[in-house]
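# Structural overview
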Amino acid sequence: MWVREEWESIQINPNGVAGFMAPSELIVCKTKDQTQTLAVAEEALRDGAVPLVVMTLNKPLGLTEGRRLQLAARDGKSTGLAIIPEGMGSNAAETRWRCAPVFAPKDSTLQKWELIKNKSGTLGVWHVRWEPTSRRLIMVSPAGE
């Protein structure tokens, strides 16, 4: 499930997600504002009917709201992913990641994933590539100089 505010002009392209999942399996929810986005995401996480809830947030996420989402995800045995602008992370987050594309002339799917906050482990950097056939991330070595 993807939850976003209705005013956002950026939309998910079904053809773009087809390499990751069947577009018919994606539920897109449009909300009035961030308060409603958080409420819909919390209910979906708590219910557990969907394994992943992605929410797009445009304002800082308070400690209370972040903790409510954590508890809802735990109760529903679901995963919540908040896509937020740089510098607006929540202190309640278990982990915080920074993802960026890596230029490689022969591979347009290479990405650099940085774990920049981890409450229960170490930090790290990984170069990954999406493998559409197996629908899995493949860890790759950084490109040579």
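Residues numbered from 1 in each chain as written. Predicted model: local features only at pLDDT ≥ 70, side-chain atom pairs only at ≥ 80, totals over all residues. Heavy atoms only, no water.

## Topic: helix α3 (residues 63–76)
The end-to-end C-alpha distance of α3 is 20 Å, a good match for the 20 Å that 14 residues give at a rise of 1.5 Å each. Those residues of α3 not exposed but buried are G66, L69, Q70, A72, A73 and G76. Angularly, the buried residues of α3 cover 165° about the axis, an arc narrow enough to put them on a single face. Exposed residues pointing more than 90 degrees away from the buried face of α3 are listed as L63, T64 and R74. (Helix = DSSP H or I, 4+ residues; strand = E, 2+ residues; numbered from the N terminus. Expected span 1.5 Å × (residues − 1). Buried < 20%, exposed > 50% of the residue type's maximum accessible area, 1.4 Å probe, protein only. Arc of directions from axis to C-beta.)

## Considerations on a nonpolar patch on the surface
On the surface, L52, L81 and I83 cluster together into a nonpolar patch covering about 230 Å² of accessible area. Using a relative accessible area of 42% as the deciding quantity, one classes L81 as partly exposed. (Patch = residues over 30% accessible without salt bridge, like charges linked within 9 Å, V, L, I, M, F, W, Y side chains within 5 Å. Areas by Shrake-Rupley, 256 points an atom, 1.4 Å probe, with all protein chains shown as cover. Salt bridge = Lys/Arg side-chain N within 4 Å of Asp/Glu carboxyl O.)

## Concerning the packing of aromatic side chains
Under the defined criterion, the tally for this structure stands at three aromatic pairs. Between W97 and W113 the ring centres are 6.1 Å apart and the planes differ by 75°, which places this aromatic pair in the edge-to-face class. Of this pair, W97 sits in strand β5 (residues 95–101) while W113 sits in strand β6 (residues 110–118), placing them 16 residues apart in sequence. Overall, the relative accessible area of 40% leaves W97 in the partly exposed class. You can call W113 partly exposed: its relative accessible area is 24%. Where W97 meets W126, the ring centres are 5.7 Å apart and the plane angle is 40°; that geometry is what we call tilted. (Phe/Tyr/Trp six-rings, centres within 6.5 Å; stacked < 30°, edge-to-face > 60°.)

## Observations concerning the packing of helix α2 (residues 34–47) against α3
Running from N to C, α2 and α3 point in directions that differ by 25°, and their axes come no closer than 7 Å. In this view, α2 runs roughly parallel relative to α3, as classed from their interaxial angle. Counted together, L38, A41, E42, L45 and R46 of α2 and E65, R68, L69, A72, A73, D75 and G76 of α3 form the full contact between these two elements. (Axes fitted to C-alpha atoms, helices over the stretch in contact; angles between N-to-C directions. Parallel < 35°, antiparallel > 145°, perpendicular 65-115°, else oblique. Contact = heavy atoms within 4.5 Å.)

## Section: α2
The end-to-end C-alpha separation of α2 is 20 Å, in line with the 20 Å expected for 14 residues at 1.5 Å each. Taken together, the buried positions of α2 are occupied by Q34, T37, L38, A41, E42, A44 and L45. The buried residues of α2 occupy one face: seen down the axis, they fall within an arc of 165°. Exposed and facing more than 90 degrees away from the buried side of α2 are T35, E43 and D47. Of the residues flanking the end of α2, it is G48, one or two places downstream, whose phi is positive at about 80°.

## Quick word on the environment of G19
Here G19 is to be found in the loop between α1 (14–17) and β2 (28–31). Given a relative accessible area of 30%, G19 falls into the partly exposed group. Taking C-alpha positions, G19 is 24 Å from A44, a pair spaced 25 residues apart along the chain. Once residues within four sequence positions are removed from consideration, G19 is found in contact with W130, P132 and R135.

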